[in-house]
Amino acid sequence: MPVKVCMIGAAGRMGKAIIRCLLEGRVEGLTLHSAVDMDTCPALGADAGLHAGAPEAGVPITADLEKAVTGADVAIDFTFHTVAVEHALLCAKQSTAVVVGTTGMTGDEEGNLENVTKAIPVILAPNMSLGMNLLFCLVEEAAAALKGKGYDIEIVERHHRRKKDAPSGTALGLGKAAARGMQWDLNRVAVHGREGIAGERPVEQIAFHAVRGGDFVGDHTVIFAAEGESVELSHRATTRDTFAVGALQAAAWVKGQPPALYTMKDVLGL
Ligand code: NAD
């Protein structure tokens, strides 16, 4: 039986890429059950496949989330941080698993999402790509190897001009990985940009720099800078399909898993 997918945020950049990749069969064993967007979305009523630039799916975009989730095995959420937890709560009531790609959640919002994982399996991943999830591992390993050896850590990310949150959820994920490797508390050592007489850089610091412009899909570089040399670990996404295929792999994996909070490392076996 194919896994029935409800796409939440169906008319957005990622929603369209995910629907198109699903209909193209980029990941086997999935079928589009329903497609949801906001009640103010101009695409309401349109065929989700055609709106995504794919063949007709026979699934109209609706604003009725409760109805859309009914009968779905998995919901994929790429919307906005203020509403993603609400969506997951509604899915929990229907025992529908959730893949959350939405970024920018506050600590409280992430805490509320963790409560949902008592009832259903939830995958939370700021970045769904295989390459980036490998980079999370490499950055943690590099930080652990360079700990106490005089390397400063700076993270630079570039995204398109329409991205709403900064720094990106992925940059924060890289920061968490570096902090884990260094055995630092990220909340204590994180700074966001610099301005004015910022003073000398302390040793225990991870700085984030967010570039916005044009149509960058997502570039991230972690710089380990010492006196005499630097090491840079980078990832560049050239198409949203990379994240879309990852989200679909997550949807195929999560069905039937016990309730818990999972990451893409679980899905990809990293
Ligand atoms: P977008 O603004 O193009 O799309 C978001 C869509 O969600 C819009 O169509 C909007 O109308 C819809 N939406 C908002 N509130 C809703 C609600 N309450 N109910 C239903 N639909 C609602 O944004 P995007 O570029 O597609 O990105 C969406 C999110 O995914 C962002 O948080 C972004 O950072 C994140 N993202 C994650 C990854 C990843 O790999 N995890 C990759 C790219 C983007």
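Residues numbered from 1 in each chain as written. Predicted model: local features only at pLDDT ≥ 70, side-chain atom pairs only at ≥ 80, totals over all residues. Heavy atoms only, no water.

(A) Layout of the sheet that holds strand E7 (residues 152-159). Spatially, 5 strands are ordered E8-E9-E7-E10-E11 in an open sheet, and the strand pairing comes out mixed. The sheet is open, and its two borders are formed by strand E8 (190-192) and strand E11 (229-237), each paired with just one other strand. The sheet shows a mean angle of 20° between the axes of neighbouring strands, taken without regard to direction. Two elements, E7 and strand E10 (residues 218-226), share 7 bridges in a ladder whose sense is antiparallel. In the strand pairing of E10, Ile155 is matched with Val222. Across the sheet, helix H6 (residues 130-146) is in contact with E10 and E11; its angle to E11 comes to roughly 165°. (Pairing = 2+ DSSP bridges. Helix = DSSP H or I, 4+ residues; strand = E, 2+ residues; numbered from the N terminus. Axes fitted to C-alpha atoms, helices over the stretch in contact; angles between N-to-C directions. Contact = heavy atoms within 4.5 Å.)

(B) Expanded view of the packing of aromatic side chains. Scanning the model with the defined rule gives 1 aromatic pair in all. Consider the rings of Trp253 and Tyr262, whose centres lie 5.1 Å apart with planes at 80°: the pair is edge-to-face. When its relative accessible area of 24% is taken as the criterion, Trp253 is described as partly exposed. (Phe/Tyr/Trp six-rings, centres within 6.5 Å; stacked < 30°, edge-to-face > 60°. Buried < 20%, exposed > 50% of the residue type's maximum accessible area, 1.4 Å probe, protein only.)

(C) View of the sheet that holds strand E5 (residues 97-100). Pairing within the open sheet is parallel, and its 7 strands lie in the order E3-E2-E1-E4-E5-E6-E12. At either margin of the open sheet sits one strand with a lone partner, and together these are strand E3 (61-62) and strand E12 (260-262). Inspection of the sheet shows strand E2 (residues 30-36) paired to E3 by 2 bridges, in the parallel sense. Its bridge partner being in E3, Ala35 is matched across the sheet by Ile61. The strands touched by helix H4 (residues 81-93) within the sheet are strand E1 (3-8), strand E4 (74-77) and E5, with E4 carrying the most contacts at an inclination of about 175°.

(D) Just the packing of H6 against helix H7 (residues 169-182), in detail. At a minimum axis separation of 7 Å, H6 and H7 run at an interaxial angle of 30°. Considering the angle they form, H6 stands roughly parallel to H7. Both H6 and H7 take part in a crossing whose hand is right-handed. Along the contact surface, H6 presents Met132, Leu135, Phe136, Val139, Glu140, Ala143, Ala144 and Leu146, while H7 presents Thr170, Gly173, Leu174, Ala177, Ala178, Arg180, Gly181 and Met182. Of the residues assigned to the contact of H6 with H7, the class counts are 11 nonpolar, 3 polar and 2 charged. (Parallel < 35°, antiparallel > 145°, perpendicular 65-115°, else oblique. Left-handed = near helix turned anticlockwise from the far one by under 90°. Nonpolar A, V, L, I, M, F, W, Y, C, P; charged D, E, K, R; others polar.)

(E) Representation of the nonpolar core. Among the nonpolar cores identified, the biggest contains 42 residues, and Ile18, Ile76 and Val99 are the most heavily contacted of them. Within the residue set of this core, elements represented by two or more residues are E1, helix H1 (13-23), E2, E4, E5, helix H9 (241-254) and helix H10 (264-268). Considering every element that reaches this core, the biggest residue donor is H9, with 8 residues. If we ignore the near neighbours within four places in the chain, the residues touching Ile76 are Val5, Cys6, Met7, Ile8, Ile18, Val99, Ala247, Leu248 and Ala251. (Core = buried A, V, L, I, M, F, W, Y, C linked by side-chain atoms within 4.5 Å.)

(F) Here's a closer look at the pattern of salt bridges. Tallying each qualifying case throughout the model produces 13 salt bridges. The salt bridge partner of Arg180 is Glu140, with a shortest N-O separation of 3.0 Å. Residue Arg180 is located in helix H7, and its partner Glu140 is located in helix H6; the two are separated by 40 residues in the primary sequence. The exposure class assigned to Glu140 is partly exposed, which follows from its relative accessible area of 25%. The network of salt bridges with common partners includes Arg20, Glu24, Arg26 and Asp241. (Salt bridge = Lys/Arg side-chain N within 4 Å of Asp/Glu carboxyl O.)

(G) Representation of the side chain of Glu109 within the structure. Relative to the helices and strands, Glu109 is located in helix H5 (residues 107-116). Although buried, Glu109 forms no salt bridge, and the nearest oppositely charged side chain, Lys176, lies 12 Å from it. Here His81 takes part through its side chain, which lies 2.7 Å from a polar atom of the side chain of Glu109. (Lys, Arg positive; Asp, Glu negative; His and termini not counted. Polar contact = N/O pair within 3.5 Å; in protein donor to acceptor, adjacent residues only side chain to side chain.)

(H) Focus on the environment of Met182. If you trace the backbone, Met182 turns up in helix H7. Classification of Met182 by relative accessible area gives buried; the value is 1%. Note: C-alpha distance between Met182 and Ala225 (43 residues apart in sequence) is 14 Å. Once you skip the residues sitting within four places of it in the chain, Met182 turns out to touch Ala143, Leu146, Lys147, Tyr151 and Ile153.

Worth remembering: the numbers are spatial, not functional.
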